[in-house]
Amino acid sequence: MTRWQKFKNFIRRPGKWIWAFYGALLFFALASVLLAVFVNGANPISYALYAAMLALLIYCICVSVRPAREHVRAFVARHELTLRLAADYGFRTFAFSLAGLAVCAVYGLYLAVAGLVLHSAWHGFFAGYYMVLTCLRGAVIYGKLRTDKRYGGRPGCEGIAKRARIKLYLGCGAMFIVLAVAFTALAGILIFSGRPSMFGVYGAITMAAYTFYKIIVSAINALKTKKLRDFTLQALRNISFADALVSVFALQIAMEATFGGTEDQSMHILNIVMGIAVFAFTLGLGIYMMVRSAAELRRSRNDRPAAGGEEY
């Protein structure tokens, strides 16, 4: 092996020497900051330091990807929980739903506290809505756990477990209709109250971060549950969709109230259109869930075993 080949192999896989490159990256970063603060950031030396820091940053990221991936794979293989998360779509979706339940509850509590501190009824309305969504998501998760514990793995109980999940899906659809009606009152108060809410810049930023998080989670859940026939997971996916839509509507109201535009007639019309869209989607989703679950229950009754078959 020639020296050039040895050098290329070292660059590709520096091993423990990677820490030396990390140290050099830290040195160039500190030097750049000191030059910018105490001397002048617009000089040839500073530009050279910036270029060296950028090159080292790109290099460190590239050579760290492979070891990091190997460490993650080794960590996943060592633990039963992480191994199941990586291999089981349904379990991973359910685990993410638990995380979504916690985030939704914390965010609803944040809005409730903000409403009390800012004396804002708007925060209180949204907090109540998110708390209802949290309770609905919690009820679906509890129903899934109860069904799996009661019927999971027991011979002859697959049909009963499926019907229990369908009934849970049916109840979730009925709650969506109630939520759609409740949302019309909430949206009407927010749109036609004639005064902006005291959201504040930090409140608007928090709402924007939560909205983007919900959109990403909803998209991930949609892709994962599309391959599954579990009605409880599909109910959780639909709850995430409804949550994301309400978050978009809340963000629109927050941005308008915080950064201006409350006197703009076009923004007022946009709020109305968005409110109608959220109402129509939630109502339509609830009706679809109820119709689909009723059809599935009718089909499952027709597919029951003949008399004498064992059922629990």
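Quick caveat: nothing in here was measured; it's all calculated off a predicted structure.

It is worth spelling out the overall build of the chain at this point. In terms of regular secondary structure, the chain is built from ten helices and zero strands. Going residue by residue from the N terminus, the α and β elements of the chain occur as α-α-α-α-α-α-α-α-α-α. Residues counted as buried form 37% of the 312 residues belonging to the chain. A sequence separation of at least 24 residues applies to 78% of the contacts in the chain between residues at least 6 apart.

Tallying each qualifying case throughout the model produces eight aromatic pairs. Ring geometry for Phe241 versus Phe281: centroids 6.5 Å apart, planes at 70 degrees, classification edge-to-face. With Phe241 in helix α9 (residues 231–259) and Phe281 in helix α10 (residues 265–302), this pair connects stretches of sequence that are 40 residues apart. Among the residues examined, Phe241 registers a relative accessible area of 29% and is labelled partly exposed. The class for Phe281 is partly exposed, based on a relative accessible area of 36%. One aromatic cluster is present, formed by Tyr107, Tyr110 and Tyr130 through successive ring pairs.

Take the pattern of salt bridges next. For the structure on display, the rule yields two salt bridges. With its nearest N and O atoms 3.7 Å apart, the salt bridge here joins Arg137 to Asp243. Taken as a pair, Arg137 in helix α6 (residues 121–151) and Asp243 in helix α9 lie far apart in primary sequence, 106 residues in all. Across this residue pair, the class does not change: Arg137 and Asp243 are buried.

Right, let's get into a positive patch on the surface. Together, Arg13, Arg66, Arg69 and Arg73 give the surface a local cluster of positive charge. Its place among the elements puts Arg73 in helix α3 (residues 44–78). For Arg73, a relative accessible area of 58% translates into the label exposed.

On to the nonpolar core, then. Where a protein is soluble and globular, its nonpolar side chains tend to be buried together. Formed by 43 residues in total, the largest nonpolar core has its most connected members in Phe126, Tyr130, Cys172, Phe176, Phe183 and Phe249. Elements represented by at least two residues in this core include exactly α5 (89–118), α6, α7 (158–192), α8 (201–225), α9 and α10. Top element by residues in this core is α9. It accounts for twelve residues.

Turning our attention to a nonpolar patch on the surface. Judged by side-chain polarity, Leu54, Leu57, Ile58, Ile61 and Val65 come together as a nonpolar surface patch covering roughly 430 Å² of accessible area. Within the fold, Ile58 resides in helix α3.

Relative to the assigned elements, Arg292 resides in helix α10. No salt bridge forms around the buried Arg292; measuring N to O, its nearest opposite-charge neighbour Glu296 is 4.5 Å away. Residues contacting Arg292, with those up to four places away along its chain left out, are Tyr169, Arg229, Phe231 and Gln234.

Let us now look at the environment of Ile276. In this fold, Ile276 is placed in helix α10. Separated by 89 residues in the primary sequence, Ile276 and Ala187 have C-alpha atoms spaced 8.8 Å apart.

On to the packing of α6 against α7, then. For the pair α6 and α7, the least separation of the axes is 10 Å and the interaxial angle reads 180 degrees. Relative to α7, the element α6 is oriented roughly antiparallel. Its residues assigned to classes, the contact of α6 with α7 comprises 22 nonpolar, two polar and three charged.

The predicted model of the chain has a mean per-residue pLDDT of 76, with 79% of residues at 70 or higher. Ranking the elements of the chain by mean pLDDT puts helix α4 (residues 80–87) last, at 68, and α10 first, at 84. Considering only residues more than four positions removed or in separate chains, one finds that residues 306–312, a stretch of pLDDT under 50, has ten contacts.

Relative to the helices and strands, Gly143 resides in helix α6. As a C-alpha pair, Gly143 and Leu168 span 25 residues in sequence and 7.0 Å in three-dimensional space.

This paragraph deals with the side chain of Ser293. Along the chain, Ser293 falls in helix α10. Setting aside residues no more than four positions away along its own chain, Ser293 makes contact with Ile166, Tyr169 and Leu170.

The rules behind each value
- Residues numbered from 1 in each chain as written.
- Predicted model: local features only at pLDDT ≥ 70, side-chain atom pairs only at ≥ 80, totals over all residues.
- Heavy atoms only, no water.
- Helix = DSSP H or I, 4+ residues; strand = E, 2+ residues; numbered from the N terminus.
- Buried < 20%, exposed > 50% of the residue type's maximum accessible area, 1.4 Å probe, protein only.
- Contact = heavy atoms within 4.5 Å.
- Phe/Tyr/Trp six-rings, centres within 6.5 Å; stacked < 30°, edge-to-face > 60°.
- Salt bridge = Lys/Arg side-chain N within 4 Å of Asp/Glu carboxyl O.
- Patch = residues over 30% accessible without salt bridge, like charges linked within 9 Å, V, L, I, M, F, W, Y side chains within 5 Å.
- Areas by Shrake-Rupley, 256 points an atom, 1.4 Å probe, with all protein chains shown as cover.
- Lys, Arg positive; Asp, Glu negative; His and termini not counted.
- Charge placed at Lys NZ, Arg CZ, Asp CG, Glu CD.
- Core = buried A, V, L, I, M, F, W, Y, C linked by side-chain atoms within 4.5 Å.
- Axes fitted to C-alpha atoms, helices over the stretch in contact; angles between N-to-C directions.
- Parallel < 35°, antiparallel > 145°, perpendicular 65-115°, else oblique.
- Nonpolar A, V, L, I, M, F, W, Y, C, P; charged D, E, K, R; others polar.
- pLDDT = per-residue confidence, 0-100.

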